Amino acid sequence: RLLGVLVLLGMAWGLTIPLSKYAITVGGYRDFGIIFWQFALGATALALVLKARGKTLRIAQRHWGFCLAIALLGTLMPNWASHTASIHLPAGILSIMIATVPLLAWPLAMALGLDRFAALRALGLALGFAAILLLALPQASLPDPGMAAWLPVALIAPALYAVEGNYVAKRGTGGLDPIEVLFGASVIGALIAGPIAVLS
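Residues numbered from 1 in each chain as written. Predicted model: local features only at pLDDT ≥ 70, side-chain atom pairs only at ≥ 80, totals over all residues. Heavy atoms only, no water.

What follows concerns the overall build of the protein. Looking only at helices and strands, one finds eight helices and zero strands in the protein. The secondary structure elements of the protein, listed N-terminal to C-terminal, are α-α-α-α-α-α-α-α. Taking 16 Å as the expected radius of gyration for a compact globule of 200 residues, we find that the protein reaches 18 Å, a close match to that expectation. For the protein, the spread of C-alpha atoms along the three principal axes comes to 55 × 45 × 35 Å. Expressed as a percentage of its 200 residues, the buried residues of the protein come to 36%. Residue pairs in contact within the protein that sit at least 24 positions apart in sequence constitute 82% of those at least 6 positions apart. Working note: accessible area of the protein is about 11600 Å², and carbon and sulfur atoms make up 73% of it. (Helix = DSSP H or I, 4+ residues; strand = E, 2+ residues; numbered from the N terminus. Rg over C-alpha atoms; globule rule 2.2 N^0.38 Å. Buried < 20%, exposed > 50% of the residue type's maximum accessible area, 1.4 Å probe, protein only. Contact = heavy atoms within 4.5 Å. Areas by Shrake-Rupley, 256 points an atom, 1.4 Å probe, with all protein chains shown as cover.)

And the structure:
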């Protein structure tokens with residue numbers, strides 16, 4: 001049952017890429033406007049969950065820096081990069097690029113002492129990067145070779161997700177549960193993204 005939930009959540013997350021591309025390229029919506037509403041609606045839904053669980057909506061001052069880091073690394077900066085890349089790259093390519101999170105997270109985890117080297121994982125890492133090269137090389141999967149210049153922008157999001165995961169693994173959540181972390185990050189993120197959305 002839990003595996004089924006995991007598959008459904010993965011499919012839902014995968015749908016965000018073509019839906020975001022549609023919203024920007026066809027709907028004409030702007031990146032920070034989408035990010036603001038993602039934060040604002042997320043904070044509202046999470047507040048309802050916290051209230052239903054009898055928890056306070058106040059995040060202690062000592063957690064603000066952590067929630068800010070999660071907002072920046074987990075949503076604001078990666079989503080800006082993904083939305084920017086989606087203007088220039090097909091949704092299928094973006095989906096493949098976002099799946100590189102483990103390729104980037106594992107070397108970082110080893111550098112931080114959070115994981116150990118394994119030959120089979122190293123082989124998987126090499127094959128993953130080879131797949132990216134097959135996308136980027138001329139006459140490969142890209143409809144236009146000029147699109148290759150936007151692949152590094154598409155890699156910003158998975159790189160930031162890899163940093164975020166290792167940051168949480170190294171630092172911990174300071175006693176907050178996942179719902180509280182995401183609520184705090186969503187509130188702080190909305191306060192940052194809102195003015196940027198208005199100004200842009």
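Together, L3, L6, V7, L8 and M11 give the surface a local cluster of nonpolar side chains, amounting to about 550 Å² of exposed area. Within the secondary structure, L6 sits in helix α1 (residues 2-25). (Patch = residues over 30% accessible without salt bridge, like charges linked within 9 Å, V, L, I, M, F, W, Y side chains within 5 Å. Salt bridge = Lys/Arg side-chain N within 4 Å of Asp/Glu carboxyl O.)

Attention shifts here to α1. In this model, α1 (24 residues) spans 35 Å end to end at C-alpha, consistent with the 34 Å of a helix rising 1.5 Å per residue. All buried positions along α1 are accounted for by I17, S20, K21, A23 and I24. The elements touched by buried residues of α1 are α2 (31-52), α3 (64-86) and α4 (91-98). (Expected span 1.5 Å × (residues − 1).)

When their charged atoms lie close together, side chains carrying opposite charge are able to pair. Across all of its chains, the model carries four salt bridges by this definition. The partner of D177 in a salt bridge is K55, and the shortest N-O contact between them spans 3.0 Å. Here D177, found in the loop between α7 (151-171) and α8 (178-199), pairs with K55, found in the loop between α2 and α3; they are 122 residues apart in sequence, far enough to count as distant. Assessed through its relative accessible area of 15%, D177 is described here as buried. For K55, a relative accessible area of 31% corresponds to the partly exposed category. Among the ionic contacts, a cluster of salt bridges with common partners joins R53, K55, D177 and E180.

Before going further, it helps to examine the nonpolar core. Judged by nonpolar contacts, the single largest core of 20 residues is most densely connected at L89 and M97. Residue contributions to this core peak at five residues, all from α7. Leaving out residues up to four positions away in the same chain, M97 has contacts with I132, L135, L151, A154, L155 and P158. Counting residues in hydrophobic clusters, the runner-up holds 19 residues, among them I70, A71, F183 and A190. (Core = buried A, V, L, I, M, F, W, Y, C linked by side-chain atoms within 4.5 Å.)

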